[in-house]
Amino acid sequence: MTDLDFGRRMLRVGPSARPLLLVDARSLRVCTGLWIATAALAVFAVFSGSAQISFLEAMAALVGRGDDYTTMVVLEWRAPRILMAVLLGTCLAMSGAIFQNLTGNPLGSPDVIGFQTGSYTGALVVMLLLGGGSAATMGGALIGGVATAFLVFLLASRRGAVRGVRLIIVGIGVSAMLASVNVWILLNATVEDAIMAGLWGAGNLSGVSWPTVAITLGGSGAFLLAALLLSRPMRLMQIGVPFATALGQNVRLVQVSAIVVGVGLTALATATVGPISFIALAAPQIARRIVRSDGLALGPTAAVGSLLLLLADVVAQRIHPDSPLPVGIVTVSIGGLYFLWLLLREGKRR
């Protein structure tokens, strides 16, 4: 029986029969369709908006033949923002897929567990209490997210192991406490500083530049590659820890590595543009339903996350063109409805 009989394509390295990467035929079709939709939406975002630029003018600017004004709007304002939305959507979605796989629960995403809240706390401490600049704020957000993850896993661990439900409950509790700390910091800041911090805390893609895109791409590249390498051992663990151990899998190493990668992806995204909710929670579930899979589907998840965040940003900029909304407000609004639906659906199963 060949690999094609299973409807899969396997990439093999060397003479061994061990597959390095499994690509389901349906997943490949879904990913292709989602990325085509994302590309079409990106083209629409390039030439539409408050600045009146036609499609042909935008395409001319992309190939270096536009006038100064069109080039500035397309290449300096819109293109970096679009690429950042696609990149961060991928990071958040894959982070959500990792944590939902580790916890075995659809609610096990970084925004529910509290990692994004911790990143916001770290950013507020640096921004409002220490008076740091943008680079220091990004560092504070990274430290805050990592420290929150360490605290949550420390409190949720029992006899050296972390159970999914316990992790979620502890994460929600830690997130609530940190949210109170964030409110206290904002209340003690000046009005101007509080407004700026509030805009950043809403998740805002405005002002994204090419250097920021380059830094984020470089930082996330290593985490995304590590997530792909971890996909196979995490699928084995999903079948069962005893089964994975019997096959020679170092379960503890895989869990720790997955936690580091998931926290890194979330903290990096939050440090760059602020906390953006809903993407990490919903993208893995939407992807699994589209490909009709109960397992880890990192490829479709990344495609769904990119499309969702780019769509949310396009909507945020066009609801009120004279005063665009932060993208985080749109994702939270949609995410609240999705979260309610998910809770009701899980409640009916029990």
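As a starting point, this report considers the structure included with it. Being a predicted model, the structure only gives us computed values, none of them experimental.

### Some details on the nonpolar core
Next up, step 1: In this structure, Leu-205 and Leu-310 are the most contacted members of the largest nonpolar core, which totals 46 residues.
Next up, step 2: Going through the elements one at a time, helix 1 (25-47), helix 2 (55-62), helix 3 (68-103), helix 11 (251-273), helix 12 (279-291), helix 13 (298-318) and helix 14 (327-349) are the ones with two or more residues in this core.
Next up, step 3: Apart from residues no more than four positions distant in its own chain, Leu-310 is found in contact with Thr-38, Leu-41, Ala-42, Ile-82, Ala-85 and Val-86.

### So, the packing of helix 3 against helix 11
Next up, step 1: The contact between helix 3 and helix 11 brings their axes to 9 Å, and the two run at 145°. Two packed elements cross with a definite hand, and for helix 3 against helix 11 that hand is left-handed. Each of Met-84, Leu-88, Cys-91, Leu-92, Met-94, Ser-95, Ile-98, Phe-99 and Leu-102 in helix 3 lies in contact with helix 11, whose residues at this interface are Gln-255, Ala-258, Ile-259, Val-261, Gly-262, Val-263, Leu-265, Thr-266, Ala-269, Thr-272 and Val-273.
Next up, step 2: Each residue belonging to the contact of helix 3 with helix 11 can be placed in one class, and the counts come to 15 nonpolar, five polar and no charged.

### So, the environment of Leu-88
Next up, step 1: Inspection of the secondary structure assignment puts Leu-88 in helix 3.
Next up, step 2: We classify Leu-88 as buried; its relative accessible area is 0%.
Next up, step 3: Spatially, the C-alpha atom of Leu-88 lies 9.4 Å from that of Leu-310, the residues being 222 residues apart in sequence.
Next up, step 4: Those residues in contact with Leu-88 that sit more than four places away from it in its chain are Leu-205, Thr-216, Ala-269, Val-273 and Leu-309.

### Re helix 8 (residues 191-201)
Next up, step 1: For helix 8, the full list of buried residues reads Ala-197, Trp-200 and Gly-201. The buried residues of helix 8 occupy an angular sector of 95° when the element is viewed end-on, so they sit on one face. Among the exposed residues of helix 8, those oriented more than 90 degrees off its buried face are Val-191, Glu-192 and Met-196.
Next up, step 2: Gly-203 occupies a position one or two residues after helix 8 and carries a positive phi of about 80°.

### Examining the packing of aromatic side chains
Next up, step 1: This structure, assessed with the given rule, holds six aromatic pairs.
Next up, step 2: Members of the aromatic cluster, joined through ring pairs, are Phe-44, Phe-47 and Phe-55.

### What about a nonpolar patch on the surface?
Next up, step 1: On the surface, a nonpolar cluster with roughly 400 Å² of combined accessible area is contributed by Val-191, Ile-195, Met-196 and Leu-199.
Next up, step 2: Checked against the element boundaries, Leu-199 lands in helix 8.

### Observations regarding unusual backbone geometry
Next up, step 1: We note that Phe-278 has phi near 80°; this positive angle belongs to a residue other than glycine.
Next up, step 2: Structurally, Phe-278 is set in the loop between helix 11 and helix 12.
Next up, step 3: With relative accessibility at 8%, the residue Phe-278 sits in the buried group.

Calculation rules
- Residues numbered from 1 in each chain as written.
- Predicted model: local features only at pLDDT ≥ 70, side-chain atom pairs only at ≥ 80, totals over all residues.
- Heavy atoms only, no water.
- Core = buried A, V, L, I, M, F, W, Y, C linked by side-chain atoms within 4.5 Å.
- Buried < 20%, exposed > 50% of the residue type's maximum accessible area, 1.4 Å probe, protein only.
- Helix = DSSP H or I, 4+ residues; strand = E, 2+ residues; numbered from the N terminus.
- Contact = heavy atoms within 4.5 Å.
- Axes fitted to C-alpha atoms, helices over the stretch in contact; angles between N-to-C directions.
- Left-handed = near helix turned anticlockwise from the far one by under 90°.
- Nonpolar A, V, L, I, M, F, W, Y, C, P; charged D, E, K, R; others polar.
- Arc of directions from axis to C-beta.
- Phe/Tyr/Trp six-rings, centres within 6.5 Å; stacked < 30°, edge-to-face > 60°.
- Patch = residues over 30% accessible without salt bridge, like charges linked within 9 Å, V, L, I, M, F, W, Y side chains within 5 Å.
- Areas by Shrake-Rupley, 256 points an atom, 1.4 Å probe, with all protein chains shown as cover.
- Salt bridge = Lys/Arg side-chain N within 4 Å of Asp/Glu carboxyl O.

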